[in-house]
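Structure assessment
Here's the letter readout for the chains.
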Amino acid sequence: MTDRPPYIGRFAPSPTGPLHIGSLVAAMASYLDAKAHHGQWLVRIEDVDVGRNVAGADQHILASLQRCGMVWDGEVSWQTQRYAWYQQAVEQLDQLVYPCGCSRREIADSQINQSVGPNQMAVYPGTCRNGLAAGKVGRALRLKVPQAPHCVMCFEDRWFGRYSQDISAEAGDFVILRADGFWAYQLAVVVDDGAQGVTDIVRGVDLIDSTPRQLYLQQALGLPQPTYLHVPVVLNDVGEKLSKQNGAIAFDDGGAAHLLLHSALLPAARFLGLDVQAETIDAFWRAAVPAWAQLLPTLPRRN
Ligand code: GLU
């Protein structure tokens, strides 16, 4: 018996371009994991970084998911419709939040004689923590984390195993409302996952170093901690994560189903280590869900 709530997973693409093989891998892993656990699979469009949104990309991604035979539960949600939730979270965080007037340059300059965190994150030196310096205007909002050297957040990743990070030493007080007025990813993702009751997060390993900050925010907001499974990401020829920004090509511009199967679904499944043979998209999912379920006992999840 487990007292965990029923499985709710999600795919949360940023609408910065069409779905490509790299983002399909993340979508597929989260979909398969939800199906293998007889859970729900939600889709949330993470359009909170408004300056990076590409017009129409959200609908393009949704149409691609549909053509791939990936059916989401409930209504799709958009982060730009949830600003009130983020504002409410800031009110709840209350004393932990403070305005910051530092520019990127000032933060970078403050690093010159200090090491940046191992993840190459600029560690915020805490300049505005005890009040804005005279003449400075609060541009962003930051969240206080307990001071160095100890705010170690640790979790058991279902794919990569134990992961821990001292967020005070590797990130410092981090931004939850950006200087350009947009809500920060870290806050929005935690508030949304909490409000949508997401129990299991499956996404690319490029986000694993954000997870400790998200655990800290969950604790600060009194939200339950989901389980995490970070899957490997597809790299391009020069070893960078394949992304819309470095030219990843959309795979299904209205193409035939068999092309979608052979040029996208089967390669994505192989990338995830699944040995699946299929001649139709329906047959692909009928084979892929049990193949993923077979992989699960090798991952340290609860059931
Ligand atoms: N919106 C993020 C992306 O497209 C994913 C965030 C998440 O899964 O937590 O990379």
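Placed above this text is the structure.
Remember, predicted model here, so these are calculated numbers, not experimental data. (Residues numbered from 1 in each chain as written. Predicted model: local features only at pLDDT ≥ 70, side-chain atom pairs only at ≥ 80, totals over all residues. Heavy atoms only, no water.)

Things to note about the packing of aromatic side chains
Per the counting criterion, the structure on display carries seven aromatic pairs. Centroid distance F11 to W41: 6.4 Å. Interplanar angle 10°. Geometry classified as stacked. One end of the pair, F11, is in strand β1 (residues 8-11); the other, W41, is in strand β2 (residues 40-45), with 30 residues separating them in the sequence. The two residues F11 and W41 agree in class, both being buried. Among the aromatic side chains, those forming a connected cluster through ring pairs are F11, Y31, W41, F284 and W285. Against the face of Y124 rests R142, its NZ or CZ located 3.7 Å from the ring centre. (Phe/Tyr/Trp six-rings, centres within 6.5 Å; stacked < 30°, edge-to-face > 60°. Helix = DSSP H or I, 4+ residues; strand = E, 2+ residues; numbered from the N terminus. Buried < 20%, exposed > 50% of the residue type's maximum accessible area, 1.4 Å probe, protein only. Lys NZ or Arg CZ within 6 Å of the ring centre and 35° of its normal.)

Considering unusual backbone geometry
For H38, which is not glycine, the phi dihedral falls at a positive 55°. With respect to the secondary-structure elements, H38 resides in the loop between α1 (21-36) and β2. On the accessibility criterion, H38 (75% relative accessible area) is exposed.

A word on the site of the ligand
Around the ligand, a shell composed of R10, A12, P13, S14, E46, Y185, V189, R203 and L207 is seen. For the ligand, an oxygen atom lies 2.9 Å from a polar atom in the side chain of Y185. Protein contact buries 81% of the 300 Å² of open area that the ligand shows by itself. For the shell around the ligand, a count of residues per class yields five nonpolar, one polar and three charged. (Near = heavy atom within 4 Å. Polar contact = N/O pair within 3.5 Å; in protein donor to acceptor, adjacent residues only side chain to side chain. Areas by Shrake-Rupley, 256 points an atom, 1.4 Å probe, with all protein chains shown as cover. Nonpolar A, V, L, I, M, F, W, Y, C, P; charged D, E, K, R; others polar.)

Considering the sheet that holds β2
Spatial strand order, β1-β2-β3: three strands in an open sheet with parallel pairing. Of all the strands in the sheet, the pair left with one neighbour each is β1 and β3 (77-78). Bridge analysis of β1 against β2 gives four bridges, and the strand direction is parallel. Bridge pairing links F11 to V43 in β2. (Pairing = 2+ DSSP bridges.)

Considerations on the environment of T16
For T16, the position within the fold is in the loop between β1 and α1. With 85 residues separating them along the chain, T16 and G101 place their C-alpha atoms 28 Å apart.

Overview of the nonpolar core
Counting residues in each nonpolar core, the largest one holds 51 residues, and the members touching the most others are L65, F284, W285 and W292. Among the elements of the structure, α1, β2, α2 (57-67), β10 (227-231), α8 (257-271) and α9 (281-295) are those that each provide at least two residues to this core. By residue number, the principal contributor to this core is α1, which donates 10 residues. Setting aside its immediate chain neighbours within four residues, W285 contacts M28, Y31, L32, C68, G69, M70, L265 and P290. Core analysis: the next-biggest nonpolar cluster, separate from the first, contains 33 residues, Y86, V90, W183 and Y228 among them. (Core = buried A, V, L, I, M, F, W, Y, C linked by side-chain atoms within 4.5 Å. Contact = heavy atoms within 4.5 Å.)

Topic: the pairing of β1
Where burial is concerned, the two faces of β1 agree: the one with I8 and R10 and the one with G9 and F11 are both buried. Of the crossover connections in this fold, the one passing from β1 over α1 to the parallel β2 is right-handed. (Right-handed = clockwise from strand over helix to strand, strands pointing away.)

A few points about the sheet that holds strand β8 (residues 174-177)
On the basis of which strands lie adjacent, the open sheet formed by three strands has the order β4-β5-β8 and antiparallel pairing. In this open sheet, the two strands that pair with only one neighbour each are β4 (97-100) and β8. If you compare each strand with its neighbour and ignore which way they point, the axes differ by 45° on average. In the sheet, β4 pairs with strand β5 (residues 140-143) via four bridges, with the strands oriented antiparallel. Across the sheet, the residue bridging to Y98 is R142, located in β5. (Axes fitted to C-alpha atoms, helices over the stretch in contact; angles between N-to-C directions.)

Quick word on the side chain of D166
Looking at where D166 falls in the secondary structure, it is placed in strand β7 (residues 161-166). Despite its burial, D166 remains without a salt bridge, the nearest opposite charge being carried by R129 at 11 Å. A distance of 2.5 Å separates a polar atom in the side chain of D166 from a polar atom in the side chain of S168. (Lys, Arg positive; Asp, Glu negative; His and termini not counted. Salt bridge = Lys/Arg side-chain N within 4 Å of Asp/Glu carboxyl O.)

Topic: the pairing of β7
Across six bridges, strand β6 (residues 152-157) lies against β7 in antiparallel orientation. Bridging from a neighbouring strand, F155 pairs with Y163 of β7. Where β6 folds back onto β7 in an antiparallel hairpin, the turn is made up of three residues.

Looking at the packing of α1 against α8
The N-to-C vectors of α1 and α8 enclose an angle of 65°; their axes lie 9 Å apart at closest approach. Note that α1 runs across α8; the crossing there is right-handed. Contacts from I21, L24, V25 and M28 in α1 reach S263, A264, L265, P267, A268, A269 and F271 in α8. The residue makeup of the contact of α1 with α8, split by class, is 10 nonpolar, one polar and no charged. (Left-handed = near helix turned anticlockwise from the far one by under 90°.)

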